[in-house]
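Report on the structure
Next come the chains, spelled out residue by residue.
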Amino acid sequence: MMLQKERVKAMDLQTAWLQSYTSSPEKQKALYNRTLFIVSISQIFGGAGLAAGVTVGALLAQHLLGTDAFAGLPSALFTLGSAGAALFIGRLSQRYGRRTGLTVGFMIGGLGAIGVILAAIINSVFLLFASLLIYGAGTATNLQARYAGTDLANNKQRATAVSMTMVFTTFGAVAGPNLVNVMGDFAVSIGVPSLAGPFILSAAAYILAGLVLFVMLRPDPLVIAKAIEASNQERISNDHSTDMEQNGDKRGVIVGATIMVLTQIVMIAIMTMTPVHMRHHGHGLGEVGVVIGFHIGAMYLPSLVTGVLVDKLGRTAMAIASGATLLLAGLVSAFAPGDSMVLLVIALCLLGLGWNFGLISGTALIVDSTETSSRAKTQGTVDVLIALSGAVGGVLSGMVVAGSSYATLSFIGGILSLLLIPVVIWSIKNKNKVR
């Protein structure tokens with residue numbers, strides 16, 4: 001009896017606590033700002049964990065396998081692993097909140113990085129591939145963290161909220177590749193192969209990101225957003241326009257997902273084989289780190305401006321800009337001499353910028369088109385498609401380069417990005433029909 005009374009009392013306190021947020025716009029605004037700050041801190045670590053592994057993953061596989069044909073396999077494996085993790089994290093976040101889902105995801109990614117280090121030490125290809133699958137959880141979590149900032153944002157803040165968290169990813173993402181030589185030397189000093197050094201940084205960074213979210217992300221923004229939406233639905237009855245809105249939501253999810261899938265395929269394919277292409281033309285690890293560092297910086301640093309542009313100019317306009325930028329990136333990559341650091345930096349910066357435009361405009365469309373009751377679950381499912389498309393791009397990139405050339409891969413990627421334009425046109429035509 002006493003236990004039942006205690007449970008009732010706890011539920012009453014929980015209800016009163018939630019009501020204190022649903023009835024106070026000031027508390028909602030304060031929590032929105034706090035959430036952005038906390039997620040941004042975690043993204044600094046998450047970005048470092050992601051970028052360090054991406055820089056040398058293909059080179060490590062090339063070293064263990066002794067061939068370029070499967071150099072794209074590491075990228076494919078950790079993006080494939082991130083697909084399963086995205087679904088898991090999305091469902092976990094939907095049920096228990098962002099704090100639980102993101103914390104668990106980063107911790108699993110850290111364990112995967114530790115597995116890669118062990119694989120390099122014992123020279124085990126099997127352990128390397130298995131660990132890269134697990135390592136992909138960090139990639140998925142780093143990507144899904146962008147949604148946490150949008151839970152309490154209105155429709156004119158959503159793209160900007162995504163952008164702010166991604167900007168902070170830049171600090172870690174740029175630092176990671178530029179610490180390749182430092183971490184390589186550190187690894188050698190403790191008896192670990194130099195190519196595994198960046199994964200030491202990845203393990204520490206992912207675990208720290210998870211700890212930041214676990215300790216600081218309270219109250220959970222998605223839990224509060226659900227309470228606010230439930231409170232609003234009690235006051236507002238559904239009208240005859242509900243069916244129209246639901247159809248629009250489905251279309252928005254399809255278009256947003258397509259934009260992000262296409263940009264991911266193009267970006268992953270070209271980025272994965274760039275380090276291998278550079279090594280074939282005599283560039284050292286440090287130079288590879290510089291190019292990838294610029295690339296990842298271009299993926300995240302423009303985000304704050306991109307978010308404002310997406311909110312001001314519209315999602316469709318920036319999606320078209322994404323396709324045009326990726327086309328230019330593919331052409332520059334295809335025709336740049338292999339020994340030209342300047343042109344490779346320009347090409348990879350354009351590649352990162354085009355991906356940035358596509359990710360933020362697509363993400364904003366997804367958030368616009370979902371409700372809090374199913375938002376995290378839908379976002380996780382969409383991120384599965386993004387991860388799978390990245391896996392396809394990673395696998396095919398090595399095969400295309402082995403069978404033809406890096407220039408052919410880059411040219412194909414640029415042409416593929418043009419598919420974004422008919423997708424956006426289809427979306428606009430359907431919106432006009434609904435109206």
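Presented here is an overview of the structure given in this document. For clarity, every value in this text was computed on a predicted model and none was experimentally measured. (Residues numbered from 1 in each chain as written. Predicted model: local features only at pLDDT ≥ 70, side-chain atom pairs only at ≥ 80, totals over all residues. Heavy atoms only, no water.)

Counting secondary structure elements, the chain contains 17 helices and zero strands. For the chain, buried positions account for 56% of its 435 residues. Here the chain has roughly 17900 Å² of accessible surface; of this, 68% comes from carbon and sulfur atoms. (Helix = DSSP H or I, 4+ residues; strand = E, 2+ residues; numbered from the N terminus. Buried < 20%, exposed > 50% of the residue type's maximum accessible area, 1.4 Å probe, protein only. Areas by Shrake-Rupley, 256 points an atom, 1.4 Å probe, with all protein chains shown as cover.)

With that settled, consider the pattern of salt bridges. According to the stated counting rule, one finds five salt bridges in the structure shown. Linked by salt bridges that have partners in common, R158, D311, R315 and D368 make up one network. (Salt bridge = Lys/Arg side-chain N within 4 Å of Asp/Glu carboxyl O.)

Here the focus is the nonpolar core. With 94 residues, the main nonpolar core has L128, L132, F199, Y300, L351 and W355 as its most contacted residues. Core analysis: the next-biggest nonpolar cluster, separate from the first, contains 12 residues, Y21, A153, A225 and A227 among them. (Core = buried A, V, L, I, M, F, W, Y, C linked by side-chain atoms within 4.5 Å.)

Here K312 is to be found in helix α12 (residues 303-313). Between the C-alpha atoms of K312 and A159, which are 153 residues apart in sequence, the distance is 9.6 Å.

It is worth spelling out unusual backbone geometry at this point. P219 follows R218 through a cis peptide bond whose omega is -10°. Within the element layout of this structure, P219 appears in the loop between α8 (197-216) and α9 (221-235). One non-glycine residue, N123, adopts positive backbone phi at about 60°. One can find N123 in the loop between α4 (98-122) and α5 (125-148). Of the residues examined, N123 reaches a relative accessible area of 54% and is grouped as exposed.

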